[in-house]
Amino acid sequence: MTFLPDIATLAAFTLACLVLVLTPGPDMTLFVGRSLSQGRAAGMASMAGAAAGNVIHTMLAAFGLSALIAASAEAFFVVKIVGALYLLWLAFQSLRHGSALSVSPERGAVQKPLSRVFAAGLLVNLLNPKIILFFLTFLPQFVTAGDPDAAGKLVFLGLYMVAFSLPFCAAMVLMAESFARSLRRSPRIMRMIDWLFAGIIGGFAVKILFASRA
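> Would you explain the side chain of Lys153 in this entry?
Secondary-structure assignment places Lys153 in helix H7 (residues 150-174). For Lys153, a relative accessible area of 17% corresponds to the buried category. When residues no more than four places from it in sequence are discounted, the contact partners of Lys153 are Thr2, Phe3, Leu4, Val143 and Asp147.

> Can you walk me through the nonpolar core in this structure?
In a soluble, globular protein the nonpolar side chains are often hidden away together inside. Ranked by internal contacts, the top residues of the largest apolar core, which has 36 residues, are Phe13, Leu20, Leu87, Phe138, Leu139, Phe142 and Met161. At the level of elements, helix H1 (7-22), helix H3 (40-71), helix H4 (73-97), helix H6 (129-138), H7 and helix H9 (187-209) are the ones that each hand at least two residues to this core. It is H4 that provides the largest number of residues to this core, a total of seven residues. In contact with Leu20, not counting residues within four places along its chain, are Phe134, Phe138, Met161, Phe197 and Ile201. Judged by nonpolar contacts, the second largest core, of 11 residues, contains Phe31, Cys169, Ala170 and Val173.

> What's the story with the packing of H3 against H7 in this structure? I'm lost.
The N-to-C vectors of H3 and H7 enclose an angle of 165°; their axes lie 9 Å apart at closest approach. Accordingly, the angle class assigned to the pair H3 and H7 is roughly antiparallel. Regarding H3 and H7, the two cross each other, and that crossing is right-handed. The residue makeup of the contact of H3 with H7, split by class, is 20 nonpolar, five polar and one charged.

> What is the right way to read the environment of Phe118 from this model?
For Phe118, the position within the fold is in helix H5 (residues 114-126). As for Phe118 and Met47, which are separated by 71 residues in sequence, their C-alpha atoms are 7.5 Å apart. Not counting the four nearest positions on each side in its chain, Phe118 is found in contact with Ala45, Ala48, Gly49 and Ala52.

> I tried to follow a nonpolar patch on the surface on my own but got confused; where do I start?
Taken together, the side chains of Leu15, Leu18, Leu22 and Phe168 make up a nonpolar region of the molecular surface, amounting to roughly 300 Å² of accessible area. Broken down by element, the nonpolar patch gets its largest block of residues, three residues, from H1. Inspection of the secondary structure assignment puts Leu15 in helix H1. Classification of Leu15 by relative accessible area gives partly exposed; the value is 41%.

About the criteria used
Residues numbered from 1 in each chain as written. Predicted model: local features only at pLDDT ≥ 70, side-chain atom pairs only at ≥ 80, totals over all residues. Heavy atoms only, no water. Helix = DSSP H or I, 4+ residues; strand = E, 2+ residues; numbered from the N terminus. Buried < 20%, exposed > 50% of the residue type's maximum accessible area, 1.4 Å probe, protein only. Contact = heavy atoms within 4.5 Å. Core = buried A, V, L, I, M, F, W, Y, C linked by side-chain atoms within 4.5 Å. Axes fitted to C-alpha atoms, helices over the stretch in contact; angles between N-to-C directions. Parallel < 35°, antiparallel > 145°, perpendicular 65-115°, else oblique. Left-handed = near helix turned anticlockwise from the far one by under 90°. Nonpolar A, V, L, I, M, F, W, Y, C, P; charged D, E, K, R; others polar. Patch = residues over 30% accessible without salt bridge, like charges linked within 9 Å, V, L, I, M, F, W, Y side chains within 5 Å. Areas by Shrake-Rupley, 256 points an atom, 1.4 Å probe, with all protein chains shown as cover. Salt bridge = Lys/Arg side-chain N within 4 Å of Asp/Glu carboxyl O.

Keep in mind these numbers describe shape, not what the thing actually does.
Take a look at the structure:
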């Protein structure tokens, strides 16, 4: 199965996914906040919508980047370098500003149909330029310029990341109130996550910057 990355690449990618899923961001704020406002079913619907958005981003990034590889391996390498610089910037921002989980129950919140909650989660991810840029810069770090199986590997890695995150996100939804409260009351844990995120993401970026094009 040529679309499967090697064991070392998959292990590194799994570690990165674990750090990413534990780092508070727009997705986590969205479905944890919805859980607090409308209950677990709404939280799950919001989470499913966000995951669907990530699947779409995976497909767009994979086929767009694979087309770039087919056209020019050199251009794809430039994309990886730009992506590495972007990941370094994300690591710096994490250390400078820290993670933020801004969620609290909305008093008197209007109960929305689950279909609308799902659509809101989908649109938040589809229209977020930071998420688009992240997929375009993060996934390429795990394939090689000139790889003829890059498209399949990019699709696999993107879908793997979505599937890997779902159990963790579902647990956050089920324990939304205690989860949000514990994070707000544990700034040291949040800073540890920030440093871990910066270390892992920054490490991948540095590895690419000092790697040869071959």
